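# Observations on the model geometry
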Amino acid sequence: MKLKLGLILAGLVVSLPAAAADFENLSRRCATKDHDEKERERVAHDNARFKNARATAGLEVDRASGSVTVPVYFHVIYSGSQGNISDAKIADQIAVLNAAYAGQTGGVNTPFRFVLSGTTRTNNAAWYNMGYGSTEEKAAKAALRRGGPETLNIYSANLGGGLLGWATFPSDYRKRPSQDGIVILDESVPGGSADPYDLGDTATHEVGHWVGLYHTFQGGCSKRNDQVSDTPLEQSPAYGCPTGRNTCGAAGLDPIENFMDYTDDACMFEFTPGQSVRADGLTLQYR
């Protein structure tokens, strides 16, 4: 199911530039650095203790669908005539996030809703061509970031290394508050030229990390994998839309429709109930 195509892009004609990059050949969709096994276990242990303490105190543990409003600052980093994303495309991107996290595309209805609180525009050629972990990324975030741990900062730029985006996890905030947020390729927003990653789900995927989710293939076929029980095991990332893919044998078909895989935007449409519970618990604790 992919209702967002009709909801967001109805009547929109997208013309791809002749010199557009061949995004079909991207080898890595996301540069987010997954936690190692030790860090994953620490986060899981700390979050279990946090939720138990809240339950013992009679405090809320699992928040209702749509009950968490996330303020968003969208930082458009551009260079001259390149990358200056329009307000209309930014609005479409926020709408894509809300459709995905409200379950309107076919998945679970999570607690999260996103409201644009502000937009900044920065004409800086060095920042525009930033790479993952680069000095340009650090400088741009330090200068532009707004709000506290509850605020989602989105940075759009022309990313190096054939990457679509990256993000920080909730548990990373205390150590690196100035670097918190997500970075996306400017042409991955709805109506961009990054076909087949041009429907806005790069941001959906990276926000998934920002609220605490790992890749569905994290840990491969091990039972702990992404630490969510209702996402089937997956040995490696999936590309395109390989229906019927099964890389872990009896564990069931790979979750290629999940927003935390690497498939085409048109293929992915869901978060699971388990992912919603995990994301809610981690944001409640750390954000």
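Here, every reference points to the structure presented above.
Here's a quick rundown of the structure. (Residues numbered from 1 in each chain as written. Predicted model: local features only at pLDDT ≥ 70, side-chain atom pairs only at ≥ 80, totals over all residues. Heavy atoms only, no water.)

## Description of the nonpolar core
Condition: The term nonpolar core refers to a set of buried residues drawn from Ala, Val, Leu, Ile, Met, Phe, Trp, Tyr and Cys, joined through side-chain atoms within 4.5 Å. Burial classes follow relative accessibility: with a 1.4 Å probe on protein chains only, a residue under 20% of its type's maximum area counts as buried, one over 50% as exposed, and anything between as partly exposed. Elements are defined by DSSP. Helices are runs of H or I of four residues or more, strands are runs of E of two residues or more, and each kind is numbered from the N terminus. Working rule for contacts: check all heavy atoms of both residues, and any pair within 4.5 Å makes them a contact.
Residues Phe114, Leu152 and Ile182 are the most contacted members of the largest nonpolar core, which totals 30 residues. Broken down by element, the residue count for this core peaks at 6 residues, all from strand E1 (residues 68-78). Setting aside its immediate chain neighbours within four residues, Ile182 contacts Leu152, Asn153, Ile154, Tyr155, Trp166, Ala167, Ala203, Glu206, Val207 and Trp210. Among the nonpolar cores identified, the runner-up in size contains 17 residues, and Ala31, Tyr128, Leu163 and Ala194 belong to it.

## A look at the packing of helix H2 (residues 37-56) against helix H7 (residues 273-286)
Counted only if it meets this: Here, axes are lines fitted to C-alpha atoms. For helices the fit covers the stretch in contact, and angles between N-to-C directions go from 0 to 180 degrees. With respect to orientation, any angle under 35 degrees is reported as roughly parallel, any angle over 145 as roughly antiparallel, any angle of 65 to 115 as roughly perpendicular, and every other angle as oblique. Asp, Glu, Lys and Arg are counted as charged, while Ala, Val, Leu, Ile, Met, Phe, Trp, Tyr, Cys and Pro are counted as nonpolar; the rest, among them Gly, fall into the polar class.
Close contact between H2 and H7 brings their axes to 10 Å; oriented N to C, the two are set at 80°. As judged from the angle between their axes, H2 and H7 are roughly perpendicular. Between H2 and H7, the contacting residues are Arg42, Val43, Asp46, Asn47, Phe50, Lys51 and Arg54 on the first element and Val277, Gly281, Leu282, Leu284, Gln285 and Tyr286 on the second. The class makeup of the residues in the contact of H2 with H7 is 6 nonpolar, 3 polar and 4 charged.

## Concerning the state of the cysteines
Cysteine pairs can be linked by a disulfide, which is a covalent bond between their two sulfur atoms. The following threshold applies: The disulfide definition used here is simple: a pair of cysteine sulfur atoms within 2.5 Å.
All told, the structure shown has 2 disulfides when counted by the stated rule. With its sulfur 1.9 Å from that of its partner, Cys221 forms a disulfide with Cys248. Between Cys221 and Cys248, the disulfide has an S-S torsion of -90° and is therefore left-handed. Residue Cys221 is found in the loop between helix H6 (201-210) and H7, and its partner Cys248 is found in the loop between H6 and H7; the two are separated by 27 residues along the sequence. With a relative accessible area of 30%, Cys221 lands in the partly exposed category. With a relative accessible area of 14%, Cys248 lands in the buried category.

## Some points on the pattern of salt bridges
The cut-off we apply is this: Note on definitions: salt bridges are taken to be side-chain nitrogens of Lys or Arg within 4 Å of carboxyl oxygens of Asp or Glu.
According to the stated counting rule, one finds 13 salt bridges in the structure shown. The partner of Arg42 in a salt bridge is Asp46, with the nearest N and O atoms 2.9 Å apart. Here Asp46 and Arg42 lie together in helix H2, a separation of 4 residues that amounts to about one turn. Judged by its relative accessible area of 24%, Asp46 falls in the partly exposed class. Note that Asp172 is salt-bridged to Arg176, the shortest N-O span being 3.9 Å. By relative accessible area, which is 43% here, Arg176 ends up partly exposed. In the salt-bridge network here, residues are joined through shared partners; they are Glu39, Arg42 and Asp46.

## Re H6
With 10 of 10 residues buried, H6 is to be regarded as a mostly interior element. Buried within H6 are the following residues: Asp201, Thr202, Ala203, Thr204, His205, Glu206, Val207, Gly208, His209 and Trp210.

## Some points on the sheet that holds strand E3 (residues 152-157)
Convention followed: At least two bridges found by DSSP between two strands are what make those strands a pair.
Reading across from one edge, E2-E1-E3-E5-E4 is the order of the 5 strands in this open sheet, with mixed pairing throughout. For this open sheet the edge positions go to strand E2 (112-123) and strand E4 (165-167), each flanked by a neighbour on one side alone. Across the sheet, the axes of successive neighbouring strands diverge by a mean angle of 20°, strand direction being ignored. The strands touched by H6 are E1, E2, E3, E4 and strand E5 (182-185); relative to E5, the strand with the most contacts, the crossing angle is about 165°.

## Some words on the pairing of E2
This is how it is decided: Orient the strands so they point away from the viewer; a crossover is then right-handed if the path from the first strand over the helix to the second runs clockwise.
For E1 and E2, the ladder comprises 11 bridges, and the chain directions are parallel. In the strand pairing of E2, Val72 is matched with Leu116. Tracing the backbone out of E1, into helix H3 (residues 87-101) and back to the parallel element E2 gives a crossover that is right-handed.

## Some words on unusual backbone geometry
Cis peptide bonds are those with omega within 30 degrees of zero, and the linkage from Asp195 to Pro196 qualifies with 10°. Summarising the element assignment, Pro196 is placed in the loop between E5 and H6. Not every positive phi belongs to a glycine, and Gln227 is a case in point at roughly 65°. Structurally, the position occupied by Gln227 is in the loop between H6 and H7. Assessed through its relative accessible area of 22%, Gln227 is described here as partly exposed.

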